[in-house]
Amino acid sequence: MKKNIFLLWAIASFCVWSFSSYAFNTPTEISQQQIYQPPRGDVRLLVISDLNSAYGSTEYEQEVHQALKLVPFWDPDVVLSGGDMIAGQKASLSNAEVKAMWNAFDAQIAKPLRDLDIPFGFTIGNHDGSGSFSSRENRFFHQRDRDLAKEYWQNHNPKVNFIDRTHFPFYYTFMEKDIFFLVWDASFRNISSQQLTWAGEALQSPVAKQAKMRIAIGHLPLYGVATGRDREGEVLDEAEFLQNFLELNDVHTYISGHHHAYYPAHKRNLQMLHAGVLGGSARQLIAGNSQPMKNVTVVDINFDNPDLTTYTTYDMKTLKIINNSQLPRLLMAHNGMILRRDVNVQNLSTSEKNACLAKYPLNPYTCEN
């Protein structure tokens, strides 16, 4: 009953928003405005990422609010976040200001999801509680942010079925709808040896092996995809090693944020969903001519389908679907090549293969995808 009431409110709110946003259109054009509803899979995930605005802001942008209003329309089984839920990581912010941001996140995002009884799986982003670490001083540079993030999440239930929450909210595992989710702390460039040991044990545990699918979530991606972020420090170190680690542990998909650009990719047998951005500062991909956009992705999972996942990604300014054909076939980042999820290495042209070999003369292995 509660979900039905929320749905009616969401539809009414969307209609008001549509008229205000498309005031330059004719009434006929407005009446034809529709939101595509994809065929539902066995499990449906809604993936959002990078919700924050300017440092210290307790306000979220229009696209964030619109996505929350449309949650009942998509009716996901789980909502996943690629991190950066608040706008911290600035030493001049007071404790009160950081707490105010977490309170705003709770009121505007987390509580509406709790009220709908939807599990919320998330990873900590660099603006939530950066894991940048001083080995010499043996401390986190942003310890205050991490302490306040931990304080918030220890007092608010994301409603996931935890398997291991010993190190929650920084790294943990949970199970939903026969899917095993591993969340690691990729809020900084380095995945520690301690975390890797933990992740390996978790992914080889009986509960993970019994699951129908395994998904990993972390804020930083493995490879660069966005302008201004395709460099060391903005991706995880040792990308090729981590890609192999996840693939060998039967992880199907790695979901990440941080780069503020949507790109559905794969590297060999590991799918990589670069979730893009819903909040401020959308970025352009490092190749192609697609424009920066704010987006959300609905992931429908069909366990009997060899591909398992189908993505439906919405440009949240227009609510139009982003088709793969609008995105470059491949991206050659500073640290390796990745392919669009519907392109295989066998499909590459001779010129594409030669361009890759020329880009990475010391690492031709990456051209084999």
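For the structure itself, look to the data block above.
Residues numbered from 1 in each chain as written. Predicted model: local features only at pLDDT ≥ 70, side-chain atom pairs only at ≥ 80, totals over all residues. Heavy atoms only, no water.

> Mind showing me how you'd approach the overall build of the chain here?
What the chain contains, in helices and strands, is ten helices and 17 strands. Radius of gyration (C-alpha) of the chain: 20 Å, near the 21 Å computed for a compact globule of 369 residues. Overall, the C-alpha framework of the chain stretches about 55 × 50 × 45 Å when taken along its three principal axes. Within the span of the chain, comprising 369 residues, buried residues form 56% of the whole. Taking contacts inside the chain between residues at least 6 apart in sequence as the whole, the part at least 24 apart equals 69%. Between the mean site of the 34 positive side-chain charges and the mean site of the 38 negative ones, the chain shows a separation of 2 Å. (Helix = DSSP H or I, 4+ residues; strand = E, 2+ residues; numbered from the N terminus. Rg over C-alpha atoms; globule rule 2.2 N^0.38 Å. Buried < 20%, exposed > 50% of the residue type's maximum accessible area, 1.4 Å probe, protein only. Contact = heavy atoms within 4.5 Å. Lys, Arg positive; Asp, Glu negative; His and termini not counted. Charge placed at Lys NZ, Arg CZ, Asp CG, Glu CD.)

> How should helix H9 (residues 239–248) be read in this particular structure?
Each turn of an α-helix holds 3.6 residues, which means side chains three or four residues apart point in the same direction. With respect to burial, H9 is a largely interior element, seven of its ten residues being buried. Inspection of H9 places Ala 239, Glu 240, Leu 242, Gln 243, Phe 245, Leu 246 and Glu 247 among the buried residues, and these make up the whole buried set.

> Please explain the nonpolar core as it appears in this structure.
One broad trend across soluble globular proteins is that nonpolar side chains are buried collectively. Of all hydrophobic cores here, the largest spans 101 residues; its most connected members are Phe 105, Trp 153 and Trp 184. Per element, the largest residue contribution to this core is seven residues, and it comes from helix H4 (residues 95–115). Residues in contact with Trp 153, not counting those within four places in the same chain, are Met 85, Trp 102, Phe 105, Phe 120, Phe 122, Ile 124, Pro 158, Phe 168 and Pro 169. Core analysis: the next-biggest nonpolar cluster, separate from the first, contains eight residues, Leu 330, Leu 339, Val 343 and Cys 356 among them. (Core = buried A, V, L, I, M, F, W, Y, C linked by side-chain atoms within 4.5 Å.)

> Looking at this model, I keep getting lost on the side chain of Glu 234. Mind explaining?
Here Glu 234 shows up in the loop between strand E9 (213–217) and H9. With near-sequence residues (within four places) excluded, Glu 234 lies in contact with Leu 220, Pro 221, Arg 229, His 258 and His 259.

> Would you take a moment to explain the sheet that holds strand E2 (residues 78–81) for this structure?
Backbone-to-backbone hydrogen bonds pair the strands of a sheet. The strands run either parallel or antiparallel. Strands sit in the order E3-E2-E1-E13-E14-E15 across an open sheet of six strands; the sheet is mixed. Both outer strands of the open sheet, strand E3 (120–122) and strand E15 (320–321), are each paired with one neighbouring strand and no more. Relative to strand E14 (residues 309–315), strand E13 (residues 295–301) is paired through seven bridges, and the arrangement is antiparallel. What sits directly across from Thr 297, in E14, is Thr 313. (Pairing = 2+ DSSP bridges.)

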